[in-house]
Amino acid sequence: MFESYFQEFQSTDCRLTVYRSGGPTDIEEWFDAHGVTVEHRHLPPGGPDPFVVLEADGEFVGSLGVTALEGLLEPPLVRPTEREEVATGYSAMFDLIDDTLVRGMTRRELLAVSREIEDRAYRVGGGTLRVSFQTLSTFESKADVYRTLATETDLDIHIYGVADWKPPEIQEVTYHGQPAERIDRHWVLAFDGGTDVTQACGLLAREQANGYDGVWTNDPEQVAEIATTLAEGGAGK
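What you see is a predicted model, and the numbers here were worked out from it, not measured in a lab. (Residues numbered from 1 in each chain as written. Predicted model: local features only at pLDDT ≥ 70, side-chain atom pairs only at ≥ 80, totals over all residues. Heavy atoms only, no water.)

A. Structural detail: the overall build of the chain. The number of helices and strands found in the chain is 7 helices and 11 strands. Within the span of the chain, comprising 237 residues, buried residues form 51% of the whole. In the chain, 64% of the contacts between residues at least 6 apart in sequence involve partners at least 24 apart. Surface exposure of the chain reaches about 10,800 Å², of which carbon and sulfur atoms provide 47%. (Helix = DSSP H or I, 4+ residues; strand = E, 2+ residues; numbered from the N terminus. Buried < 20%, exposed > 50% of the residue type's maximum accessible area, 1.4 Å probe, protein only. Contact = heavy atoms within 4.5 Å. Areas by Shrake-Rupley, 256 points an atom, 1.4 Å probe, with all protein chains shown as cover.)

So, in structure tokens, the structure goes:
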């Protein structure tokens, strides 16, 4: 049901250029392995520290120091209330490469991106958060995190997944069992930003043979479309 979104993001030509004076960096290997075109430019000795520049369809998107992106290699897995433990580089990366299709992501990497969205929803403290972890049984390991989100904020939380497990009752959390053919390949989060649409963010991932193709976005309209698509047919607890 999300195929049109993936087709849209696949049509974008994303290119990462690494400026460095030494040999290849781990960041280059990570992006290359995840389907993002990587180039490098030489920096003279004594020049600035290594940094990266991201372009989409030939347009400048942003730049960051290589060191600031090191969080990509060890994604943080923490509760929303443990924000001080999250590498600032990972948050910077989240903002830099939004709307970029990243291939071959692991479940750990998806969990780390999910935590960025959950954390933003926690800090905003209100609005609607819609989530699918493919199956309701996958939610079992996340139940405590969402209990915290539900009890310490005014969020309206909706969880979608194949109904292969009976989740615990949590106030302000509504469960929506889904047919396997509709949702079992997709990992989705969509937060509407509450009263501030500039805080809207979303993640859309599709399971493949070699991992997940994933894309995340801070565009309020795209987030709203993803949320609407997820909610369609999601009636029922």
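B. Up close: helix α7 (residues 220–231). Compared with an ideal rise of 1.5 Å per residue, which puts 12 residues at 16 Å, α7 spans 16 Å between its outermost C-alpha atoms and is within 8% of the ideal. Within the span of α7, buried status applies to Gln-222, Val-223, Ile-226, Ala-227, Thr-229 and Leu-230. Across the axial projection of α7, the buried residues extend over an arc of 165°, all falling on one side. (Expected span 1.5 Å × (residues − 1). Arc of directions from axis to C-beta.)

C. Local environment of the sheet that holds strand β10 (residues 201–208). Ordered in space as β5-β11-β10-β9-β6-β7-β8, the 7 strands form an open sheet in which the pairing is mixed. Since the sheet does not close on itself, it has two edges, and those belong to β5 (102–105) and β8 (173–178), each with one partner. Between one strand axis and the next, the sheet turns through 15° on average, direction left out of account. As paired strands, strand β6 (residues 126–135) and strand β7 (residues 154–162) are joined by 8 bridges and run parallel to one another. Bridge pairing links Gly-127 to Leu-155 in β7. Lying over the sheet, α7 contacts β6, β7, β9 (186–191), β10 and β11 (211–217), oriented at roughly 125° with respect to β9. (Pairing = 2+ DSSP bridges. Axes fitted to C-alpha atoms, helices over the stretch in contact; angles between N-to-C directions.)

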